[in-house]
Amino acid sequence: MDIDVIDAMEFESNKNLREVGSLATWSLSTYKIGYGIEQLRDDNGDTYWQSDGPQPHLINIQYNRKMNISHIALLLDYKQDESYTPNKISLRAGTSFQDLQELQLFDLEEPQGWLYIKLYDNNKPLRTHLIQIAIISNHQNGKDTHVRQVKIYTEREPLYHDKDLLPFSSLEFEMYSTII
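Conventions adopted
Residues numbered from 1 in each chain as written. Predicted model: local features only at pLDDT ≥ 70, side-chain atom pairs only at ≥ 80, totals over all residues. Heavy atoms only, no water. UniProt positions renumbered as here; feature names shortened; annotations may be inferred. Helix = DSSP H or I, 4+ residues; strand = E, 2+ residues; numbered from the N terminus. Buried < 20%, exposed > 50% of the residue type's maximum accessible area, 1.4 Å probe, protein only. Contact = heavy atoms within 4.5 Å. Areas by Shrake-Rupley, 256 points an atom, 1.4 Å probe, with all protein chains shown as cover. Salt bridge = Lys/Arg side-chain N within 4 Å of Asp/Glu carboxyl O. Pairing = 2+ DSSP bridges. Core = buried A, V, L, I, M, F, W, Y, C linked by side-chain atoms within 4.5 Å. Polar contact = N/O pair within 3.5 Å; in protein donor to acceptor, adjacent residues only side chain to side chain.

- Going by an unreviewed UniProt entry, the chain carries the name Anaphase-promoting complex subunit 10 and comes from Piromyces finnis.
- The UniProt entry for the chain carries the following comment under Sequence similarities (unreviewed entry): "Belongs to the APC10 family."

Shown next as structure tokens:
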């Protein structure tokens, strides 16, 4: 399993990604009222999920069918959140909660902005039903955590795989050659 944290330029240069978090069922281990899944997924960097209980704090992202997951993006802000900011995150995957396997443990030093994680297994995106992001500990030994946004990405599938089948190569045709 190849798991890498990549920089924003590398992530943004890949125009073949689409966000598939809306296709999943999301759950949290705990949350304070008004700081739950809606805030974690609202595309607003000023809002956040805030946990409310003992660690580890869990974000569960579950799909009805196996999905190809190529990237996960987390928005964290140490300058605003200080002791609420995660400093140790475990990324796990499996077909159910009973068979989750840790893919990688990340140690973070005062993260600021988007953290992009690339997930590949033998040069193919990770194929899974369930992703779990576990916040193991926070900076300054903070108890509860803030995560501002989470995005899940897959690669777009081309409409056709054999270039010889459809010999058209005009710009207009290429514009519609992938599924959105």
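Once the structure has been displayed, the description carries forward.
### Examining the overall build of the chain
Then, in step 1: When helices and strands are counted, the chain shows four helices and 12 strands.
Then, in step 2: Taking all 180 residues of the chain together, 43% fall into the buried category.
Then, in step 3: At a minimum sequence separation of 6, the contacts of the chain that also span at least 24 residues come to 75%.
Then, in step 4: Here the chain has roughly 10,300 Å² of accessible surface; of this, 47% comes from carbon and sulfur atoms.

### Thoughts on the pattern of salt bridges
Then, in step 1: Under the defined criterion, the tally for this structure stands at six salt bridges.
Then, in step 2: Among the ionic pairs, Asp 81 bridges to Arg 148, the shortest N-O distance being 2.7 Å. Here Arg 148 lies in the loop between strand S11 (146-147) and strand S12 (149-155) and Asp 81 lies in helix H3 (residues 78-81), a separation of 67 residues in the sequence. This pair shows no difference in class: Asp 81 is buried, exactly as Arg 148 is.
Then, in step 3: Measuring nitrogen to oxygen at the nearest pair gives 3.6 Å for the salt bridge that ties Asp 107 to Lys 88. In this pair, Asp 107 sits in strand S8 (residues 101-107) while Lys 88 sits in strand S7 (residues 86-94), placing the two residues 19 residues apart along the sequence.

### Topic: the side chain of Asp 81
Then, in step 1: A relative accessible area of 5% places Asp 81 in the buried class.
Then, in step 2: With near-sequence residues (within four places) excluded, Asp 81 lies in contact with His 146 and Arg 148.

### A closer look at the pairing of strand S9 (residues 112-121)
Then, in step 1: When strand S1 (residues 2-6) meets S9, the two strands line up antiparallel, connected through five bridges. Of the residues in S9, the one forming a bridge with Asp 2 is Tyr 120.
Then, in step 2: As defined by bridge partners, strand S6 (residues 71-77) adjoins S9 across seven bridges and the pair is classed as antiparallel. Bridge pairing in S9 places Leu 74 opposite Leu 115.
Then, in step 3: Both S9 and strand S10 (residues 124-138) contribute to a ladder of two bridges, which runs antiparallel. Along S10, the bridge assignment pairs Asp 121 with Lys 124.

### Observations concerning the nonpolar core
Then, in step 1: Ile 59, Ile 61, Ile 133, Val 150 and Ile 152 are the most contacted members of the largest nonpolar core, which totals 30 residues.
Then, in step 2: For this core, the secondary structure elements donating two or more residues are strand S3 (25-28), strand S5 (57-69), S6, S7, S9, S10 and S12.
Then, in step 3: The greatest single-element share of this core, amounting to five residues, is contributed by S5.
Then, in step 4: Those residues in contact with Ile 133, other than ones at most four positions away along the chain, are His 57, Leu 58, Ile 59, Ile 61, Ile 72, Leu 74, Ile 89, Ser 90, Leu 91 and Val 150.
Then, in step 5: Listed in part, the six residues of the second largest apolar core include Ile 6, Phe 11, Ala 73 and Tyr 153.

### Quick notes on the environment of His 57
Then, in step 1: Positionally, His 57 belongs in strand S5.
Then, in step 2: Between the C-alpha atom of His 57 and that of Ile 89, which follows or precedes it by 32 residues, the distance is 9.5 Å.
Then, in step 3: Apart from residues no more than four positions distant in its own chain, His 57 is found in contact with Ser 29, Thr 30, Trp 49, Ser 51, Ile 133, Ala 134, Ile 135, Lys 143, Asp 144 and Thr 145.
Then, in step 4: In terms of polar contacts, His 57 uses its side chain to reach the side chain of Ser 51, at 3.3 Å.

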